[in-house]
Amino acid sequence: MNFFRHRPLGLPALALLITVAGCSSADDSASAAVPSPGAGVTKLCRELDRVLPSKVDDQDRRDPEPASTLTAGWGDPAIILRCGVERPSKMDDPEADGGEVNGVGWLLDKQDDGSFRCTTTLRKAYVEVTIPKDRTGDGVAPLVDLASAVKKAIPEGIAD
């Protein structure tokens, strides 16, 4: 079994990586597929929903449809958070891009549309944040804004 190892990056280097490579929502609509994790992860995700900030990247919270404590969104086009997603297969790739932002490890995965999908690493639940192409110019601002809530609600460890 391979474990994704992230390389700590300073905020300027990570911002450059995201700006050059691209983190985004799958589309510009305010909708998101709701994950279906087990009971333990669902409990962690509900706690995360309780402590999420009202603003991310200076954008007000506007949750996607369908409404769920496992998803959240900010702005238009929306920065989308999904909690309790499956472990991305790219975490098995030792060459995958990763970084640490304010104590939270992230797998950084540029999508074909120029957006980025960022997934937490080494946490008891996988949290995915999709940053639209139109918002990647601000670098890691969304991840910085979400780090405190992730650290508070999702303990370190390996997700089941």
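You'll find the structure just up there.
This report concerns the structure included in the present document.

Analysis parameters
- Residues numbered from 1 in each chain as written.
- Predicted model: local features only at pLDDT ≥ 70, side-chain atom pairs only at ≥ 80, totals over all residues.
- Heavy atoms only, no water.
- Helix = DSSP H or I, 4+ residues; strand = E, 2+ residues; numbered from the N terminus.
- Core = buried A, V, L, I, M, F, W, Y, C linked by side-chain atoms within 4.5 Å.
- Buried < 20%, exposed > 50% of the residue type's maximum accessible area, 1.4 Å probe, protein only.
- Pairing = 2+ DSSP bridges.
- Axes fitted to C-alpha atoms, helices over the stretch in contact; angles between N-to-C directions.
- Contact = heavy atoms within 4.5 Å.
- Expected span 1.5 Å × (residues − 1).
- Arc of directions from axis to C-beta.

## A closer look at the environment of Glu47
- Tracing the sequence through the fold places Glu47 in helix 2 (residues 39-51).
- In this structure the C-alpha to C-alpha distance between Glu47 and Ala149, which are 102 residues apart in sequence, comes to 9.1 Å.

## Some thoughts on the nonpolar core
- By size, the foremost hydrophobic cluster in this structure holds 30 residues, and its most contacted members are Leu48, Leu81 and Ile154.
- Where this core is concerned, the elements lending two or more residues are helix 2, strand 3 (71-74), strand 4 (79-83), strand 6 (104-110), strand 7 (116-121), strand 8 (127-131) and helix 3 (141-153).
- With six residues, the top contributor of residues to this core is helix 3.
- Val85, Met91, Ala96 and Ala159 belong to the second largest nonpolar core, which has six residues in total.

## Regarding the sheet that holds strand 8
- The sheet built from six strands is open, its strands ordered 3-4-8-7-6-5 with antiparallel pairing. Edge positions in the sheet fall to strand 3 and strand 5 (97-101), since each has one partner strand and no second. Adjacent strand axes in the sheet meet at a mean angle of 25 degrees, parallel and antiparallel pairs treated alike.
- Here strand 5 pairs with strand 6 via five bridges, running antiparallel. Paired with Gly99 across the two strands is Trp106, which belongs to strand 6.
- Relative to the sheet, helix 3 contacts strand 3, strand 4, strand 5, strand 6, strand 7 and strand 8, its axis offset from that of strand 6 by approximately 135 degrees.

## Observations concerning helix 2
- With 13 residues, helix 2 extends 19 Å from end C-alpha to end C-alpha; this agrees with the ideal 18 Å at 1.5 Å per step.
- Among the residues of helix 2, those classed as buried are Val41, Thr42, Leu44, Cys45, Leu48 and Asp49. Down the axis of helix 2, the buried side of the element spans an arc of 160 degrees, and every buried residue falls inside it. When the buried face of helix 2 is taken as reference, the exposed residues oriented beyond 90 degrees from it are Ala39, Lys43, Arg46 and Arg50.

## As for the environment of Val41
- Here Val41 lies in helix 2.
- Between the alpha carbons of Val41 and Asp160 there is a distance of 8.6 Å; along the sequence they are 119 residues apart.
- With residues up to four places along the chain from it excluded, the contact list for Val41 reads Gly84, Lys124 and Ala125.

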